[in-house]
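Chain by chain, the residues run as shown.
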Amino acid sequence: MKQAPEILKVLWDEAAIQVRVRELGAQITRDYERNLSETLTRNPPIAVGLLRGAVIFLSDLIRAMPIPVECDFMQIASYGKDSKPGTLQLVRDLQNSVCERHLLIVEDIVDTGQTLGHLAQKLTARGAASIRFCALIDKTARRRTPVELDYVGFRLQEDAFLVGYGLDYAEKYRNLPYIAALKPEAVI
Ligand code: PRP
């Protein structure tokens, strides 16, 4: 695929992403096998993807997990990237009850942390048996709500605007097979 002129640099190419996703899948599988053992089949974990960015990561991740796993999706919208806590809106809820279920929350990127912070409270209140957080990218420069991530693909300290592999800018670039930083002048 020809690289768009708005791309500043590729941070993780397709091969690096695939290697890391397989490692995460193996690590999560080991942990669930160790902790849930014989209950895995009776009560499989649910991979909860956050629409829309996490869809591509989730679909690769669960195929790297050779254990029973269900999946479901939520969508939470925030009003503007610098919105204050409390301005999040649940656009789409899970289809099934999570009471007594083991949840693996799958995010493409954690930025300020407010989405995951909000979700942790909500799902804990619904009586989930356990909640683990998996983010492909942990971008810490603008963190405002502390979140404890159990699994992280890549860490980024600089405050770049990232696109690709599910991440968008104005709904573009989600289908790029790599993750790249946009040129600052391309972000209005
Ligand atoms: C992005 C990303 C996370 C959230 C992280 O979603 O997918 O869900 O922002 O930001 P935070 O840590 O500051 O809360 P976005 O709202 O852009 O929607 P999208 O998934 O449809 O791209």
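Details of the structure are given in the entry above.
The sections below set out a description of the structure shown in this document. This structure is a prediction, so every number in the text was calculated from the model and none was measured.

Attention shifts here to the sheet that holds strand β1 (residues 7-12). One open sheet accounts for three strands, arranged β1-β9-β8; its pairing is antiparallel. Sheet topology places β1 and β8 (162-163) at the edges, where each strand pairs with a single neighbour. Of the strand pairs in this sheet, β1 and strand β9 (residues 179-182) are connected by four bridges, and their pairing is antiparallel. What sits directly across from Ile7, in β9, is Leu182.

So, about the site of the ligand. In the vicinity of the ligand there are 15 residues, among which Glu107, Asp108, Thr112, Gly113 and Thr115 approach most closely. Thr115 is positioned with one of its side-chain polar atoms (N or O) 2.5 Å from an oxygen atom of the ligand. When the ligand is considered free in solution it has 500 Å² of accessible area, and contact with the protein chains removes 86% of it. When contributions to the shell around the ligand are tallied by element, the ones reaching two or more residues are β5 (102-110) and α3 (114-125).

Before going further, it helps to spend a moment on unusual backbone geometry. A cis amide bond, omega 0°, links Leu51 with the succeeding residue Arg52. With respect to the helices and strands, Arg52 occurs in the loop between β2 (46-51) and α2 (55-63). Non-glycine residue Tyr165 carries a positive phi angle of around 50°. Within the element layout of this structure, Tyr165 appears in the loop between β8 and β9.

If you check helix α1 (residues 14-36), its first and last C-alpha atoms are 32 Å apart, about what 23 residues at 1.5 Å a residue would give, namely 33 Å. For α1, the full list of buried residues reads Ile17, Val21, Leu24, Gly25, Ile28, Thr29, Asp31, Tyr32 and Leu36. As for α1, its buried residues are in contact with β1, α2, β5, β6 (130-139), β7 (151-156) and β9. Positive phi shows up at Ser37, right after α1, with a value of about 30°.

Parameters and conventions
Each chain carries its own residue numbering, running from 1 in the written order of its sequence. The predicted nature of this model means local features are confined to residues of pLDDT at least 70 and side-chain atom pairs, given and counted, to a pLDDT of 80 or more, with totals for whole chains, interfaces and linings taken over all residues. Side-chain measures were taken over the full set of non-hydrogen atoms in the model, leaving aside hydrogen atoms and water. Strand pairing is defined by DSSP finding a minimum of two bridges between the two strands. Segments assigned H or I by DSSP are reported as helices when at least four residues long, segments assigned E as strands when at least two residues long, and all are numbered from the N terminus. Throughout this document, a residue counts as near a molecule or strand when at least one of its heavy atoms sits within 4 Å of that molecule or strand. Polar contacts here mean pairs of N or O atoms no more than 3.5 Å apart (in protein, one a potential hydrogen donor and the other a potential acceptor; neighbouring residues in sequence count only if both atoms are side-chain atoms). Surface accessibility in these figures is a Shrake-Rupley result with a 1.4 Å probe; residues are shielded only by whichever protein chains are displayed. The span expected for a helix works out to 1.5 Å for each residue beyond the first. Remark: exposure states derive from per-residue accessible area (1.4 Å probe, protein chains only) relative to the maximum for the residue type, with buried under 20%, exposed over 50%, and partly exposed in between. For this analysis, residues touch if any pair of their heavy atoms sits within 4.5 Å.

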